[in-house]
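# Fold and contact review
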Amino acid sequence: MNGFLSPEEWTAIGLSLKVSSVATLVSLPVGIAMAMLLARGRFFGRTLLDGLVHLPLVMPPVVTGYLLLLAFGRKGPLGAFFEHTFGLVFAFRWTGAALACGVMGFPLMVRAIRLSIESIDHKLEQAASTLGAGRALVFLTVTLPLALPGILAGVVLSFARALGEFGATITFVSNIPGQTQTMPSAIYALIQTPDGDAAALRLTGISIAISLAALVLSEFLARRVTRGGAA
Amino acid sequence: MTLSIAIRQQLGPFSLDVALETGPGVTALFGRSGSGKTSLVNLVAGLSRPDQGRIVLDERTLVDTERSIFVPAGKRRIGYVFQEGRLFPHLSVRSNLLYGRWLTPQARRWGGLDEVVDLLGIGALMARMPRDLSGGEKQRVAIGRALLSSPDCLLMDEPLAALDRERKAEILPFIERLRDAKRLPIVYVSHSVEEVARLADTVALIEAGRVAAIGPVGEVFARLDAIGEWEAGAVLEATVLAQDPEAGVTRLDHPAGSLVVPSIDAPIGKRLRIRIRARDVTLAVGEPGRLSVRNRLRAEIVSIGEGRGQNVGIRLSVGGEPMLARVTRDAVRDLELVPGLAVIALVKAVALDGI
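This section reports on the structure supplied with the text. Sequence order sets the numbering: in each chain, residues are counted from 1 along the sequence as written. Whichever chain is written first becomes A and whichever ligand is written first becomes 1, with later ones labelled in order. For this predicted model, a pLDDT threshold of at least 70 governs which residues receive local features, and a threshold of 80 or more governs which side-chain atom pairs are given and counted, while totals over whole chains, interfaces and linings are taken from all residues. Each side-chain value is derived from all of the structure's non-hydrogen atoms; neither hydrogens nor water enter the calculation.

## Some words on a nonpolar patch on the surface
Residue and element names in this part refer to chain A. Like-charged residues within 9 Å of one another, or nonpolar side chains (Val, Leu, Ile, Met, Phe, Trp, Tyr) within 5 Å, are grouped into patches, provided each residue has over 30% relative accessible area and no salt bridge. All accessible-area figures derive from a Shrake-Rupley calculation using a 1.4 Å probe, and residue coverage is judged against the displayed protein chains alone. Only one rule defines a salt bridge in this text: a Lys or Arg side-chain nitrogen within 4 Å of an Asp or Glu carboxyl oxygen. A surface patch of nonpolar side chains, amounting to about 490 Å² of accessible area, comprises Leu48, Leu52, Leu55, Leu57 and Val58. Helix numbering and strand numbering both begin at the N terminus, where a helix is a DSSP run of H or I of at least 4 residues and a strand a DSSP run of E of at least 2. Structurally, Leu55 is set in helix 2 (residues 46–58). Overall, Leu55 belongs to the partly exposed group, its relative accessible area being 34%. Only protein chains enter the accessibility calculation, which uses a 1.4 Å probe; a residue is then buried when its area is under 20% of its type maximum, exposed when over 50%, and partly exposed in between.

Have a look at this one:
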C-alpha cells in the first residue's frame, strides 16, 4: 500500500479525515441546538438567525474564508480571544482548516436536523410530559431519538462538505503540507506541478471512494434506525 | 380524591368558562365535538395554561393564576390517555409501558407491571413495536402506560372514538374493570351516550365552553333538555340474575321488576347498567294482558312535561330511580295520566340492545 501512495499523499488523506471528523463532531451539538432553536423557538429575530446560519451556503467560499481570517486570525478579535483564553490558535493550523470546514458544513447539518425535528409530532412530547418527564428528559428520550435519521443525514452531509471544502480553507489557512493541506488543496497543488497528474488522479480516486463509503455507511445506519422504529 | 376546577380561557373566538368538582369514580365530560371538553382536560393535564382560575387535586394546587402557581405537566401526577394513543413509535410496547414508571419514584408507585398487563390483557404484545398493533391494542397499551405512571387521577379523552364498534366492545370492559378495581378518579371525555351511560357515575354536560348540567348519570340523561329528545332516557343499575342461551336472552334483577335483554356476556351476580330511551317506553294503567313486551316495571308518575307539539315527556320513578317515558299528548288525556298515578312501564327487550 505504501508504495502506491507517496508519504505526502498519505499525510493529505489523514489530515483530510482528521479535519472533517473534528469539524463534524464539534459542530454536531451546536447544530442540534441551533436546529432545535429554529424548529421550536418563537422569538424575535428568528428569521434573521435562520438567514445567518444559511449564509455560508450562499456566499462565495473565498468570502467566508476571508471573513474567518479577519475574525479568527491571530490579530482578529475572536482569534486573540481563543489564543489567550484557551491557547487555541486557528491561523495556519489544522484547527483553522477544521473551523472553516465546520462553518461551511453547518447550514447543511442544521437544515437536515431541523427538518426532522419539525416532522416530529409535538403530541408525542406532550404525552411524555404527562408521564412525568421534564423538558430535558422529553428532549433526550423522545425528540432526539425520533430526530435520529435527520441527525445522521446532517452528519453525513456536513462530513462530505468538509471533505470537499477548498475555497474557504485555502483562503483562511493557506496550503501548508502536513498542516493545512487537505486532499482538495493537495490535488490543486499537484495539478499545478508538471508531473503531478498521476498523483492528482490517485487522490481524486480516493476522494470518490471515501465519499461513497460515507454515503453507504449513512444509508446503512439510517436503515437500522428506521427498522428500530424511528421512521 | 376530588378534582376541583374553576377556570377561564380564551381560545380565539371561543371562550371556556368552567367550574366543576369531580367526586370518586368516573366523571364524564359529555358534549358534542368543539364544545371545549378537550381544552378542559388539557388544562387539567398542564398542557395549556388558563387565563384565570384554579385547579386543585385534593390538597395539591396545580394552577392558581392569582398566586402565580403553575405546576408543569411532568410534575402533576395526572395520567392522560389520548384519543390517538400517542405511543412512542421508537419504543417497544414494554418500554412504552415502563416509560412513566421509570420516571416515578419507587415510594410513590402503585400497581405492578404484571398486574396492569393482566388487567388489560396485553401480555402477548410486550415485544412488539407500536406500528404492529391494531387500534384497539394501541389504546390498551396507552391506558397501561398511563396507569403505570401511578397517577393520582386519570384523564381519558375520547379513548374509543377512533375505534370501530368491535374494538370498542373489546376495550370497554377493561375501562369498567379499571373503574371498579382501582379507586382512581377518572375524567372521561366523550360524545357517545352509550359509553357515558355505561361508564360514568357523574356526568357534566359541556356546551359551548360552559357546564350546562352536572349530576348523577341517571339524572342528567333523564333530562330532555340536556341530551335531546331522541337520546334522553333512563340509566338503570341491575344485577345479572340468569343467562338463557337457548332463548338468547339475559335476565336481570331490578328493584322495580325483572328485565329481559338480549344476551349480555356477564357472570351471574354482576351489576351492570341498562339504558332505556324515553321513546322506547310504553305506559299501561292497570295490569296489561298477554303481551309480547318482555319488560314490565312498576313505576309511579312524578311529573308530566309541559312542552308543545304532540309528544310529552313523563318523569317516572322506578324503585326510586328516575326514568323517562315519551308518549303522545293524546295518550295522556285518554289514560288520564296525572302525577302520583301508579303505572306499568313496558319496554321491549329488543330496544335494550347496544349497551
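The rest of the description comes next.
## Thoughts on the sheet that holds strand 12 (residues 233–244) of chain B
Residue and element names in this part refer to chain B. Two strands are said to pair when DSSP picks up at least two bridges between them. Strands sit in the order 14-13-12-15 across an open sheet of four strands; the sheet is antiparallel. At either margin of the open sheet sits one strand with a lone partner, and together these are strand 14 (257–262) and strand 15 (271–277). Across this sheet, the average inter-strand angle for adjacent strands is 45°, counted without regard to direction. The pairing of strand 13 (residues 249–254) with strand 14 spans six bridges and is classified as antiparallel. Axis definition: a line fit to C-alpha positions, over the contact stretch in the case of helices; interaxial angles, taken between N-to-C directions, run 0 to 180 degrees.

## A few points about the side chain of Thr22(B)
Residue and element names in this part refer to chain B. Residue position: Thr22 is located in strand 2 (residues 14–22). Here Thr22 falls in the buried class, since its relative accessible area comes to 4%. The contact criterion used throughout is that any non-hydrogen atoms of two residues lie within 4.5 Å. Excluding its chain neighbours within four sequence positions, the residues that come into contact with Thr22 are Met1, Thr2, Leu3, Thr27 and Val187.

## Thoughts on the nonpolar core
All names here are of chain B. Here, the term nonpolar core denotes a set of buried Ala, Val, Leu, Ile, Met, Phe, Trp, Tyr and Cys residues that are joined through side-chain atoms within 4.5 Å. Membership of the largest hydrophobic core comes to 53 residues, with the highest contact counts inside it found for Leu29, Leu40, Ile55, Phe88 and Leu155. Those residues in contact with Ile55, other than ones at most four positions away along the chain, are Leu3, Ser4, Ile5, Ile7, Leu43, Val44, Arg60, Thr61, Leu62 and Val63. By size, the runner-up hydrophobic cluster in this structure holds 46 residues, among which are Val141, Ala142, Leu160 and Val203.

## Some thoughts on the interface of chain A and chain B
How big an interface is tends to be reported as the loss of accessible area on association of its parts. Across the boundary between the two partners, chain A contributes 20 residues, which contact 22 residues of chain B. By buried area we mean how much accessible surface two parts lose on assembly, using a 1.4 Å probe and totalling the loss over both. Between chain A and chain B, roughly 1,700 Å² of surface is buried when both sides are summed, and carbon and sulfur atoms account for 64% of that area. Looking only at chain A, the three residues that lose the most surface to chain B are Leu124(A), Thr130(A) and Leu131(A), adding up to 36% of its buried area. Linking chain A with chain B are one salt bridge. The partner of Glu84(B) in a salt bridge is Lys123(A), with the nearest N and O atoms 3.9 Å apart. Any N or O atom pair separated by 3.5 Å or less is treated as a polar contact, with the protein-specific requirement of one donor-capable and one acceptor-capable atom, and with residues adjacent in sequence counted only for side-chain atom pairs. One can count five residue pairs in polar contact (both at pLDDT 80 or more) joining chain A with chain B. Sort the elements by how many residues they give to the side of chain A that touches chain B and helix 6 (residues 122–130) of chain A lands first, with seven residues.

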